[in-house]
Structure formats: C-alpha cells, structure tokens
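Spelled out, the chains give:
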Amino acid sequence: MSIARDTWCRYCSPPPRDRLTTNVCPRCAEVEPLIIEKLGTGTLDSPDGFEEAFVFMGTGLVCSGCGEPIVQSQWTYPALQRPLRMLRFHRWCARIWEVVGMLTPQQDQPAAR
Ligand SMILES: [Zn+2]
Ligand SMILES: [Zn+2]
C-alpha cells in the first residue's frame, strides 16, 4: 500500500476497503465545489443521463468538471439521449461528478408529490 492513510481520498484513491472515509485530497477538495456548483446551476448534467465512461489518452481538451486541460487519462461519457453529447473528465473529476451528481437533485425534474 503506497498511499498513506491520511492522504486517502474518497474520490481518487483506488477502490477501497475504507469507503466510508470522508477524507478528500487537496486536488479533489478544489474541484468538488466547482462540480457541485455546476450541477446546481445546470451547467453540468447529472450522471443519470450518461453511459459508462470509456477511457483513453487525453488530448488536452478541457475537463467538464474543473475546466483544466486533460493530458492524462480522459474519461469520456456519452449521453444516453439526444442531443448526443460527450462529457470529458479527469479520472478524479469523473468520480466526483458521479458521487455528487447522484446526491444533487436536478432542478428540471418534477417535484415529488
Ligand atoms: Zn482526490
Ligand atoms: Zn477535471
């Protein structure tokens, strides 16, 4: 185990034994509020409407989460419905998006009765 326990991050650390930790690394701690805000304003869609990611080398395109260019692995999520769109993320941004997206209600969904 090369990752010290206090740097364990619930978003970008490898699949865990310790899923319940709330520790978030500094990088993810910066990106998390950006993604929460984008989900809240509708700038970023909920992960509900997207297929599983396929992953390939980044080409420097901008991440849909943090807005930084992606030069390592790029996680690309195709939309399930038209209009066909792609969301692109860093690995950790994708994870944050999946996690907080599931927790953030979408504004355009009908309210529960
Ligand atoms: Zn992290
Ligand atoms: Zn990113």
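Anything mentioned here points back to the structure above.
(A) Quick peek at the overall build of the chain. Check the secondary structure of the chain and you find two helices and three strands. Sequence-ordered secondary structure for the chain, helices as α and strands as β, is α-β-β-β-α. Buried residues in the chain amount to 27% of all 113 residues. Long-range pairs, those at least 24 residues apart, make up 52% of the contacts in the chain with a sequence separation of at least 6.

(B) Local environment of the packing of helix 1 (residues 26-41) against helix 2 (residues 91-103). Running from amino to carboxyl end, helix 1 crosses helix 2 at an angle of 50 degrees, the nearest separation of the two axes being 9 Å. Comparing the axis directions of helix 1 and helix 2 gives the class oblique. Of the two possible hands of crossing, helix 1 and helix 2 adopt the one that is right-handed. Along the contact surface, helix 1 presents Arg 27, Cys 28, Val 31, Glu 32, Ile 35, Ile 36 and Leu 39, while helix 2 presents Trp 92, Cys 93, Ile 96, Trp 97, Val 100 and Gly 101.

(C) Layout of the environment of Val 31. Note on placement: Val 31 falls in helix 1. When the C-alpha positions of Val 31 and Gly 65 are compared, they lie 7.2 Å apart, and in sequence the two are 34 residues distant. Setting aside residues up to four positions removed in sequence, Val 31 forms contacts with Gly 65, Cys 66, Cys 93 and Ile 96.

(D) View of unusual backbone geometry. With an omega of 0 degrees, the peptide bond running from Arg 82 to Pro 83 counts as cis. By the secondary structure assignment, Pro 83 is in the loop between strand 2 (73-78) and strand 3 (86-89).

(E) Spotlight on the sheet that holds strand 1 (residues 54-57). The strand order across the open sheet formed by three strands is 1-2-3, and the pairing between neighbours is antiparallel. Edge positions in the sheet fall to strand 1 and strand 3, since each of these pairs with one other strand and no more. The average undirected angle you get between the axes of adjacent strands in this sheet is 30 degrees. Where strand 2 lies against strand 3, four bridges are found, and the strand directions are antiparallel. Residue pairing across strands places Pro 78 opposite Met 86, the latter belonging to strand 3.

(F) Structural detail: the pairing of strand 2. Bridge count for strand 1 against strand 2 is four bridges, and the pairing is antiparallel. Following the sheet pairing, Phe 54 is matched in strand 2 by Thr 76.

(G) Representation of the nonpolar core in the model. Cys 28, Val 31, Ile 35, Phe 89, Cys 93, Ile 96 and Trp 97 are the most contacted members of the largest nonpolar core, which has 21 residues in total. Elements with a minimum of two residues in this core: helix 1, strand 2, strand 3 and helix 2. Considering each element in turn, this core owes the most residues, six residues, to helix 2.

Cut-off values and rules
Residues numbered from 1 in each chain as written. Chains lettered and ligands numbered in written order. Predicted model: local features only at pLDDT ≥ 70, side-chain atom pairs only at ≥ 80, totals over all residues. Helix = DSSP H or I, 4+ residues; strand = E, 2+ residues; numbered from the N terminus. Buried ≥ 20, exposed ≤ 12 C-beta atoms within 10 Å, placed from the backbone. Contact = placed C-beta atoms within 7 Å. Axes fitted to C-alpha atoms, helices over the stretch in contact; angles between N-to-C directions. Parallel < 35°, antiparallel > 145°, perpendicular 65-115°, else oblique. Left-handed = near helix turned anticlockwise from the far one by under 90°. Pairing = 2+ DSSP bridges. Core = buried A, V, L, I, M, F, W, Y, C linked by C-beta atoms within 7 Å.

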